[in-house]
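A closer look at the structure
Read off the chains here:
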Number of protein chains: 2
Amino acid sequence: MTDTTIPTNTIRRLPRYYHYMQDLVDQGDKYVTSDQIANYFGIHPTQVRKDLAFTGLIGKPKVGHVLQEALESVRNFLGWDTNSKAFIVGAGNLGSAIIGYGGFDVTGVSIVAAFDTDPDKIGHVINGIEVFPMRKFTDMALKMGVKIGIITCAAEAAEAVANTMVVSGITAIWNFTPVKPYVPENVIMEQTELYSSLAILSRRIKELEGK
Amino acid sequence: MTDTTIPTNTIRRLPRYYHYMQDLVDQGDKYVTSDQIANYFGIHPTQVRKDLAFTGLIGKPKVGHVLQEALESVRNFLGWDTNSKAFIVGAGNLGSAIIGYGGFDVTGVSIVAAFDTDPDKIGHVINGIEVFPMRKFTDMALKMGVKIGIITCAAEAAEAVANTMVVSGITAIWNFTPVKPYVPENVIMEQTELYSSLAILSRRIKELEGK
DNA sequence: TATATATTGATAAAAAAATCACGTAAAATC
DNA sequence: GATTTTACGTGATTTTTTTATCAATATATA
């Protein structure tokens, strides 16, 4: 319906609201106001309203939002209400951490198989997920209709892995390497660079010291 | 000198440029142009110029930048030229992944000790880093003058851990939990939420399907 | 039932970020 | 040596994002 693209920042903030609202439910609350959320995160109430409005949520004056409705609305908006399978390539430390993270359950994404080229890793089971040889990727992905691929291998291999993913019908890639693999336009790529966060930290420290 | 605050987005992009430029060096190049970087990342050349200008770098028309100079300039700007120690709290999957990541070397940050409350984890050595009981945190941090803290424990413990960090002289916190602990203003906090990335992915998939 | 209050959604204003456009400088070519 | 080309830096412009304002409305209270 809405043809406007959703700001990435909005999408980034919503999971936080979600988590906070879940906490409120757990402690027995039934309602939440935008001001409450804004206050908790130290951001502007109007921003929270705008963000929530994107999900189609409408609140009641003087009351705010019914938590259950709000949670559902965000869940639905983010696509967390449909289950989808993911393959992960790279069963090293980072891969294992992602596999074992557990926190993704709520997003409806479940990692169903891991892949690696290292013979020492193949055959192992991490948190219930088996590690298969990389050459089986395409076959299995096509057969199982997997659409999400996670890249946690070494940077040098990322380009090749991304290529394999594309030809295997993967339409969304979550890439943890600092490399930016070339993929067709219709493939969604989300890059999480661990050291860009560290960069912000060390830069801010430097700024502080300069004062 | 410059009293203007640096846009976070600039700081986030610079490590990517850095990595790309490092690759160019590795393949024997001596120079790089903004257009080259922009082209590689699919962004606007002016943006690259502006970003690099923040680091104080000035290029030569028709040539671009000497790679070695550019790398050094970025490194210096990001504070990657000074070594600093970090403590990590939570030696589970994610913590182990961060400890074993290795990619942080270039940033000058080195993780020197891990902490946990789980007796099963205490005493273990992960990638050369020993896991200490949490109660030793403050003592060790003060003694070693550690300024960076990384939180990879369970969300429920994050608030308490952050408090401990603050009283232990930590001035910069990298938080992987979805909780937003309260810290004094002078403490820098950088939040990496793994599932906010996943949120973007599943939302974009949904948008695509809607078309 | 009337009035006060809190919180909403919508719209306007401000701020920030990204892009464009232009003049300039170094190298390459003629 | 003159001309062309390429890439630079920077100020102006556009776009996007965030913040402020305000009328409307549901609840609580008198």
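Residues numbered from 1 in each chain as written. Chains lettered and ligands numbered in written order. Predicted model: local features only at pLDDT ≥ 70, side-chain atom pairs only at ≥ 80, totals over all residues. Heavy atoms only, no water.

**Concerning the domain arrangement of chain A**
In terms of domain boundaries, chain A breaks down into domain 1 (8–77) and domain 2 (84–196). The C-alpha-based centres of domain 1 of chain A and domain 2 of chain A are spaced at 31 Å. (Domains from an automatic or database assignment.)

**What about the interface of chain B and chain A?**
Tallying the contact residues gives 56 residues for chain B and 56 residues for chain A. Of the roughly 5,600 Å² buried between chain B and chain A, counting both surfaces, carbon and sulfur atoms make up 68%. Linking chain B to chain A there are four salt bridges. The shortest N-O distance in the salt bridge between K206 of chain A and D81 of chain B comes to 3.8 Å. The tally of links from chain B across to chain A stands at 18 residue pairs in polar contact (both at pLDDT 80 or more). Only α1 (8–26), α2 (34–41), α4 (67–77), α5 (93–100), β8 (172–175), β9 (188–191) and α8 (194–210) of chain B provide two or more residues apiece to the side of chain B that touches chain A. A per-element tally of the side of chain B that touches chain A places α8 of chain B first, with 15 residues. Class assignment for the residues of the side of chain B that touches chain A results in 32 nonpolar, 14 polar and 10 charged. (Contact = heavy atoms within 4.5 Å. Buried area = accessible area lost by both parts, 1.4 Å probe. Salt bridge = Lys/Arg side-chain N within 4 Å of Asp/Glu carboxyl O. Polar contact = N/O pair within 3.5 Å; in protein donor to acceptor, adjacent residues only side chain to side chain. Helix = DSSP H or I, 4+ residues; strand = E, 2+ residues; numbered from the N terminus. Nonpolar A, V, L, I, M, F, W, Y, C, P; charged D, E, K, R; others polar.)

**A word on the protein's contact with DNA strand D**
Taken together, 24 residues surround DNA strand D, and among them H44 and T46 of chain A together with S34, R49 and G59 of chain B come closest. A breakdown of the atoms of DNA strand D within 4 Å of the protein gives sugar and phosphate a share of 68%. Contacts to DNA strand D include Q47 of chain A, whose side-chain N or O atom sits 2.9 Å from a sugar or linking oxygen. The backbone of S34 of chain B places a nitrogen or oxygen atom 2.9 Å from a phosphate oxygen of DNA strand D. Those elements giving two or more residues to the surface near DNA strand D turn out to be α1 (8–26) and α3 (45–54) of chain A together with α2 and α3 (45–54) of chain B. Each residue belonging to the surface near DNA strand D can be placed in one class, and the counts come to six nonpolar, nine polar and nine charged. (Near = heavy atom within 4 Å.)

**Concerning the packing of helix α8 (residues 194–210) of chain A against α1 of chain B**
Their axes nearest at 9 Å, the elements α8 of chain A and α1 of chain B cross at an angle of 120°. If you check the angle between α8 of chain A and α1 of chain B, you find them oblique. In this structure, the crossing between α8 of chain A and α1 of chain B has a hand that is right-handed. Across the interface between the two elements, Y195, S196, S197, A199, I200, R203 and R204 of chain A from α8 of chain A touch T8, I11, R12, P15 and H19 of chain B from α1 of chain B. Its residues placed into classes, the contact of α8 of chain A with α1 of chain B shows five nonpolar, four polar and three charged. (Axes fitted to C-alpha atoms, helices over the stretch in contact; angles between N-to-C directions. Parallel < 35°, antiparallel > 145°, perpendicular 65-115°, else oblique. Left-handed = near helix turned anticlockwise from the far one by under 90°.)

**Brief notes about the protein's contact with DNA strand C**
Near DNA strand C there are 23 residues, and of these S34, R49 and G59 of chain A together with H44 and K50 of chain B occur at the shortest range. A distance of 2.8 Å separates a phosphate oxygen of DNA strand C from a polar backbone atom of S34 of chain A. At 2.6 Å, a side-chain N or O of H44 of chain B approaches a phosphate oxygen of DNA strand C. Residue assignment for the surface near DNA strand C shows that the elements contributing at least two residues are α2 (34–41) and α3 of chain A together with α1 and α3 of chain B. With three residues, the single largest contributor to the surface near DNA strand C is α3 of chain B.

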